[in-house]
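One-letter residues, chain by chain:
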Amino acid sequence: MCKDQVDSISFFSSLPEDITFKIASLLQDRDLCALGSCSKFWRQLCFSDSIWHSLVTNRWPLLHSSLSPYVKTWRRLYFERHIELGIRAGSVERFMKACSRNESLEVGDYLQAFETINGAMFGYEDIQRFLFKPQMNVLLNLVGVHYCIAILGIRGDDLVDVLRTCQISNRHVCVKWWKLGRWVYGYRGRDELLFRWVSLGDLATEEDGSVLGVLRRGTIHEVLRVQISAVGHKSIPWSYQVTQRLE
Amino acid sequence: MAEEKSQASSSKMLTLKASDGVLFEVELNIAKEMKTVQAYIDDCEDIETIPIPNVLGKHLAIVIEYIKKTNEEYDAEFEKQWNMDDLQLLLLAANYLNISGLQECLCKAIAKRIENKSPEYVRKVFNIENDHSPEEEAKLRKEYKWAFEGVDKD
C-alpha cells in the first residue's frame with residue numbers, strides 16, 4: 001500500500017466539514033482533547049463549542065436546561081463540572097474512610113455519603129467514572145450501585161454489564177443489622193442479628209431489593225443498628241446466640 | 001405492482017468503472033445505494049457504464065461488498081480489517097459516492113482508532129503536522145493534562 005497516496009493534509013481538507021466534524025463528535029472528552037492538541041486546524045474544530053454543547057447535554061441532560069448559555073463556554077462548563085464531581089467523589093471517599101472502624105461503616109455515615117452524591121446530582125457516567133473504580137473501597141462502589149438503582153432507576157442486566165466492565169461486579173459487601181428482641185409474655189427476647197453477604201452484581205439483580213431496603217431505612221422501628229463492611233462473612237462475630245442467615 | 005417493478009429493476013445490471021479502469025458489474029439496487037450513482041442514472045437513463053473517477057478498483061470492490069453485506073455484525077468486523085490509509089481512502093470514496101451508512105461506519109472506525117491515545121500517537125496515525133509553537137504546546141499540555149496522561153502506550 002502506497003503511503004504517498006494518502007497525504008493527510010489533503011485527506012482532511014478534501015472531506016467536507018460535516019464529516020471531519022462528525023469524526024470529532026464521535027470522540028470522548030479525553031480523545032477530543034488529544035486530537036485537538038495535534039494542530040491548529042484540529043484545535044479549532046475539536047474545541048468548538050457546539051461539540052462540547054452536545055457532550056454536556058449527553059452527559060448531564062438535566063443540567064443544561066437550567067443554565068444560561070451566555071455565562072461561559074460549553075467546553076469550560078464541561079471541564080468545570082467534571083472536575084467538581086471528581087472532587088466531590090474524592091471527599092466522599094475520604095469521609096467514608098474516616099468514619100470506618102475495622103473496614104466497617106455505620107449506616108448513618110453511609111447514608112450521609114449517599115446524600116452527598118445525591119445532592120450533587122451525579123449522572124450515570126459520573127458514577128461509572130468516579131465511583132465504580134476497582135481500586136476504590138468497595139463501600140464507595142456500593143454507594144454508586146445503590147444510587148444507580150434508587151435514584152437513576154438503572155438495574156438488572158444493564159447495571160450488571162456495567163459493573164462487569166468496571167471489574168467490580170464480584171466485589172462483596174456484608175450488611176448486618178440488629179433487630180430488637182420481641183416481647184413475648186412480658187419477657188423481651190434476644191436481639192437478633194441478621195446478615196447478608198452479597199456481591200455488587202447480586203445487588204443489581206436482586207428482585208425484592210431487601211438489602212438496599214435495609215440500608216435505605218437505616219435504624220428505625222425495631223432495627224437497632226445497621227453496619228456495612230467490606231470483609232467477608234467468615235469474620236462476623238458470633239456474639240449473639242440467635243443468628244439468622246437470610247436466603 | 002411495486003413488487004413487479006423492484007423485481008424488474010433488481011435484475012438489471014450496471015457497470016461501474018473505477019479510476020484504474022477496473023470494471024464492476026453490479027445490480028441496480030446495489031448501485032442505487034450510492035447516491036452519486038443514483039443521480040447519474042437519474043440524469044441519463046440509458047447509461048450502462050458509469051465512470052467513478054475518484055475511486056480505485058480496490059476500494060470500489062470493498063465498497064460494493066459493504067453495500068451487499070451490511071448489517072450490525074458485518075459492520076463490527078468490517079472496520080477491523082483495514083489500515084488507516086485504507087480507512088481514509090474508503091471514507092473519501094464513501095463521501096464521493098454519497099453512501100451515508102458507510103460514511104457513518106468509517107467515521108466510527110476512525111474515531112475508534114484514536115481511542116485513548118496520546119496526541120503524539122494521533123499525529124502519527126493521522127499524519128498531522130504539529131503547527132503549534134512551543135509556548136502554545138506547553139499551554140495545551142497544561143490545560144488538557146487529561147489528554148497526555150494515562151493513555152495507552154504507543
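Residues numbered from 1 in each chain as written. Chains lettered and ligands numbered in written order. Predicted model: local features only at pLDDT ≥ 70, side-chain atom pairs only at ≥ 80, totals over all residues. Heavy atoms only, no water.

## Focus on the nonpolar core
Among the nonpolar cores identified, the biggest contains 118 residues, and A:F132, B:L16, B:V37 and B:F126 are the most heavily contacted of them. Contact partners of A:F132, with chain neighbours within four places excluded, come to A:I127, A:N141, A:G144, A:V145, A:C148, A:L159, A:V162, A:L163, A:C166 and A:I168. (Core = buried A, V, L, I, M, F, W, Y, C linked by side-chain atoms within 4.5 Å. Buried < 20%, exposed > 50% of the residue type's maximum accessible area, 1.4 Å probe, protein only. Contact = heavy atoms within 4.5 Å.)

## Let's talk about the interface of chain B and chain A
Between chain B and chain A, the residue contacts involve 41 residues of the former and 36 residues of the latter. Counting each side, the surface lost to burial between chain B and chain A is near 3400 Å², with a carbon and sulfur contribution of 64%. On the chain B side of the interface with chain A, the three residues burying the most area are B:D85, B:Y144 and B:W146, jointly 21% of the side's total. The tally of links between chain B and chain A comes to four salt bridges. B:E143 is the salt-bridge partner of A:R76, the closest N and O atoms lying 3.4 Å from each other. Where chain B meets chain A, there are ten residue pairs in polar contact (both at pLDDT 80 or more). A per-class count over the side of chain B that touches chain A returns 18 nonpolar, ten polar and 13 charged. (Buried area = accessible area lost by both parts, 1.4 Å probe. Salt bridge = Lys/Arg side-chain N within 4 Å of Asp/Glu carboxyl O. Polar contact = N/O pair within 3.5 Å; in protein donor to acceptor, adjacent residues only side chain to side chain. Nonpolar A, V, L, I, M, F, W, Y, C, P; charged D, E, K, R; others polar.)

## So, the packing of helix α2 (residues 17-25) of chain A against helix α7 (residues 100-113) of chain B
Orientation of α2(A) relative to α7(B), taken along the N-to-C sense of each, is 50 degrees, at an axis distance of 8 Å. What the angle tells us is that α2(A) and α7(B) run oblique. The hand of the α2(A)/α7(B) crossing is right-handed. On the side of α2(A), the interface is formed by A:I19, A:K22 and A:I23, while α7(B) contributes B:Q103, B:E104, B:C107, B:I110 and B:A111. Taken together, the residues that form the contact of α2(A) with α7(B) break down as five nonpolar, one polar and two charged. (Axes fitted to C-alpha atoms, helices over the stretch in contact; angles between N-to-C directions. Helix = DSSP H or I, 4+ residues; strand = E, 2+ residues; numbered from the N terminus. Parallel < 35°, antiparallel > 145°, perpendicular 65-115°, else oblique. Left-handed = near helix turned anticlockwise from the far one by under 90°.)

## Concerning the packing of aromatic side chains
Centre distance and the angle of the planes are the two values used to describe a pair of aromatic rings. Applying the stated criterion across every chain, the model contains 13 aromatic pairs over all chains. With 4.5 Å between their ring centres and 15 degrees between their planes, A:F47 and B:Y144 make a pair best called stacked. Highlighted residues: A:F47 in the loop between α4 (40-46) and α5 (49-59) and B:Y144 in the loop between α9 (134-143) and α10 (145-148), drawn from two different chains. Exposure class is identical for A:F47 and B:Y144. Each is buried. Taken together, the aromatic side chains of A:F47, A:W52, A:W60, A:Y78, A:F79 and B:Y144 make up a single cluster linked through ring pairs. One Lys or Arg, A:R225, reaches over the ring of A:W178 and ends 4.9 Å from the middle of that ring. Seen from the ring of B:Y121, B:K117 lies directly overhead, with NZ or CZ sitting 5.0 Å from the centre. (Phe/Tyr/Trp six-rings, centres within 6.5 Å; stacked < 30°, edge-to-face > 60°. Lys NZ or Arg CZ within 6 Å of the ring centre and 35° of its normal.)

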